[in-house]
Amino acid sequence: MSALDLTNTFPRELEHEAIYIMREVAAQFERPVLLFSGGKDSITLVRLAIKAFYPAKVPFPMLHIDTGHNFPETIAFRDWLAKESGMQLIVRYVQDSIDQGKVKEETGKYASRNMLQTVTLLDAIEEGKYDVCIGGARRDEEKARAKERIFSVRDDFGQWDAKKQRPELFDMLNGKINVGENVRVFPISNWTELDVWNYIREEKMEIPSIYYSHKRQIIERDGMYWPASPFLNTTEDEVPFEATVRFRTVGDMTCTAAVLSEAVTLDKIIEEIKEATISERGARIDDKRSEAAMEKRKQVGYF
Amino acid sequence: MDVLRLATAGSVDDGKSTLIGRLLYDTKSITKDKLEAVEASSQRKGLDFVDLSLLTDGLIAEREQGITIDVAHIYFSTDKRKYIIADTPGHVEYTRNMITGASHAEASIVLVDARNGVSEQTRRHLFISSLLEIDTVIVAVNKMDLANYEQATFEGIKANVAGLAQKIGFKGSLTFIPLAAKYGDNVVTLSDKMPWYTGQPLLQYLETMPVHQRDESLPARFHVQFVIRPHSDEHHDFRGYAGKLVSGSLKVGQRVAVLPSLKESTIKAIYSGLNKVEQGHAGDSLNIELEDDVDISRGNTLVPVDAPYQQLQQFAAKLTWMDEQPLTAGKTFLLQHGVNRIKAKINSVAHVIDMSTIEEKADAQAFRLNDIGEVSIKTAKPIFADRYADNPKNGAFILIDEFSNTTVAVGFIL
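Quick summary incoming for the structure in this document. (Residues numbered from 1 in each chain as written. Chains lettered and ligands numbered in written order. Predicted model: local features only at pLDDT ≥ 70, side-chain atom pairs only at ≥ 80, totals over all residues. Heavy atoms only, no water.)

**Some details on the overall build of chain A**
Secondary structure summary: chain A contains eight helices and 10 strands in total. In chain A, buried positions account for 54% of the 303 residues. In chain A, the share of contacts with a sequence separation of at least 24, taken over all contacts with a separation of at least 6, comes to 72%. (Helix = DSSP H or I, 4+ residues; strand = E, 2+ residues; numbered from the N terminus. Buried < 20%, exposed > 50% of the residue type's maximum accessible area, 1.4 Å probe, protein only. Contact = heavy atoms within 4.5 Å.)

**Some words on the environment of Arg184 of chain A**
Residues and elements named next belong to chain A. Along the polypeptide, Arg184 turns up in strand S6 (residues 182–185). With 47 residues separating them in the primary sequence, Arg184 and Ala137 have C-alpha atoms 9.9 Å apart. What Arg184 contacts, discounting residues up to four positions off in sequence, is Leu121, Leu122, Ile125, Cys133, Ile150, Phe151, Ser152 and Arg154.

**Let's talk about the interface of chain A and chain B**
Opposite the 60 residues of chain A that make contact, chain B presents 69 residues. Taken together, both faces of the contact between chain A and chain B bury some 5300 Å²; the carbon and sulfur share is 56%. Here chain A is connected to chain B by five salt bridges. For the salt bridge of Lys82 of chain B with Asp195 of chain A, the shortest nitrogen-to-oxygen distance reads 2.2 Å. Where chain A packs against chain B, one counts 27 residue pairs in polar contact (both at pLDDT 80 or more). Counting residues per element, the ones that place at least two in the side of chain A that touches chain B are helix H1 (12–28), helix H2 (40–53) and helix H7 (266–278) of chain A. Here the side of chain A that touches chain B gets 12 residues from one element, more than from any other, and that element is H1 of chain A. Within the side of chain A that touches chain B, the residues separate by chemical class into 27 nonpolar, 14 polar and 19 charged. (Buried area = accessible area lost by both parts, 1.4 Å probe. Salt bridge = Lys/Arg side-chain N within 4 Å of Asp/Glu carboxyl O. Polar contact = N/O pair within 3.5 Å; in protein donor to acceptor, adjacent residues only side chain to side chain. Nonpolar A, V, L, I, M, F, W, Y, C, P; charged D, E, K, R; others polar.)

**Quick notes on unusual backbone geometry**
Omega for the peptide link from Tyr54 of chain A to Pro55 of chain A comes to 5 degrees, which places this bond in the cis form. Mapped onto the elements, Pro55 of chain A comes out in the loop between H2 and strand S2 (62–66). Of note, the bond from Leu259 of chain B into Pro260 of chain B is cis; its omega dihedral lies within 30 degrees of zero at 15 degrees. Turning to its location among the elements, Pro260 of chain B is positioned in the loop between strand S10 (255–259) and strand S11 (264–272). For Tyr149 of chain B, which is not a glycine, the phi torsion comes out positive at approximately 55 degrees. Its location among the elements puts Tyr149 of chain B in the loop between strand S5 (136–142) and helix H7 (151–168).

**Side note on helix H6 (residues 193–202) of chain A**
Residues and elements named next belong to chain A. The buried fraction of H6 is high, at eight of 10 residues. Within H6 the residues assigned to the buried category are Glu193, Asp195, Val196, Trp197, Asn198, Tyr199, Ile200 and Arg201. Positive phi shows up at Lys204, right after H6, with a value of about 50 degrees.

**Some words on the pairing of strand S7 (residues 214–221) of chain A**
Residues and elements named next belong to chain A. Relative to strand S9 (residues 241–247), S7 runs antiparallel, the two being bridged by five bridges. Within S9, the position partnered with Gln217 by the bridge is Glu242. In the sheet, S7 pairs with strand S8 (residues 224–227) via four bridges, with the strands oriented antiparallel. Bridged to Arg221 within S8 is Met224. From the end of S7 to the start of S8, which pair antiparallel, there are two residues, and Asp222 there has a positive phi angle of about 50 degrees. (Pairing = 2+ DSSP bridges.)

Geometry only, nothing functional implied.
See the structure below:
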């Protein structure tokens, strides 16, 4: 791959658009909250919120739904970011929902708390009387999200009705709702994964260390690499081994797979992602690629 | 890097999906295996074209019915530009989705099947592009392979579309490109099968067409969204007006007037994010500090003192109706112009156009879903808007139903 052009690769227009959306949220709603997951997308949202209201403080708090299965690095980063940004941090725990008997812990080797957190989130929204939640979803992530609006209205039960979506014309956003309804707002709807990384690089943003290559105990399951942790239910033949990995997305330790990687800088990560769109994302990998992939695996300490 | 927003419209069988698939594939925005998977499942369904909607039709209703209902957003980029395609269904029932998608676009691609020539859909797309004052319309004459790559076929369609554009009153630029999207002819590289074509291939045209030029050249209009008062020790007296410069440019030191109060002041500082800048440009989100303490609130507009503006309280507008409940004269709504909301009443319905024929309906009294027409509107207080034709970014509005809270119409000030 040729040398990357380090300047002007992020389309700044997307930042202006996101800041405009952040300000519409602050102006149109009574009690906004920013949903913080610890991942790069929500870290980007915090950056955009700071810029939208500078030199004043961000006029809303961030809310983290802590599943209890987060990477310790994510939690440390979250606390640092709250301090750094001056934003109020509210944390609600899935464990509390479990203790209250509202949700039941999953069992088996694929057990995760990913599904459980919705209940904790809806309770937290009700408790905080939040009328709008800002989220980091992007339209390029998933098919259903490709059609979601920037202002997405949810009913009393937090449900999304695709057929009742409001048309969004030009840049005019309509956040008018009835009592009990709630709006989810996605300021980085039009960003792609690569846009987010280019932004992080150009803005020289801090991100949790697990996005960069590091040595870690992992197990292999279904052709993917899972971080070994007390939260992951393993079978006898799933023996942890050390490898050089990084995480491309960051969620719970029970549902976030690692990629073998030696990318220790943002430049390297971006190179990797660009390469991945050509080879790794699809289901079928041609021979040449898998050969190279095996070589890569060996390089990073597999076997 | 800049962003070019495009709108496409059409039914699945006119080759639109194949064309978008080509653009994605040739710019390495989709993996070979992903595209092959879509090709394979298109074949399984018995289709003789690549149904790219399989990638984007994520809504359950769309999967149930096998149709595209909503606007799909498709992203790809080159080293030069990021592209956002608002891909909309072409059928008359989804006119509102077409208009929604096109409202974000700077250019639109109208597909014409070389075998069939100008169709009802071609006319509708051209009409909507004209209604929205889209500057650049690219007429992609596709499936040239099935017309033996003949120049005469292309020229014939070109003449027909040009004539139609004139009849509709389209004022932008029309560019015609003969394509065979299936084989990649004139999509990214020039085709050797059509040596008579002397223009650029589609992607090259998109890469080099100027963007945002018009907005930047218009008089400045700054829509105030939010007043920033830090109340901190460091910025004790700071008062900034956060908003969007929808058109034109503004500089530090420039004299501006506040609409509607008509108070004047001078720009003391302009912030873009954390940085002070000397000048703001069309489309920028800015935070503007003025020299004097003037009363400014959300919904106000800052304009240069020497730029003409107009004040409207009773005006004519083109309207697209987007709700199941018909619109009749006498109804009241919330009108949102930029970020400013104001009570408004539909005084009278001037005429309604039937979107399947693009003809005015004789003595129509009501707008039904997807109808486009003209109305007379009265607002509770004056608004400071431009004619849509003069400044699209400051000349459009939406209507919000006060009971359902939903957006029911988009309007273009005449």
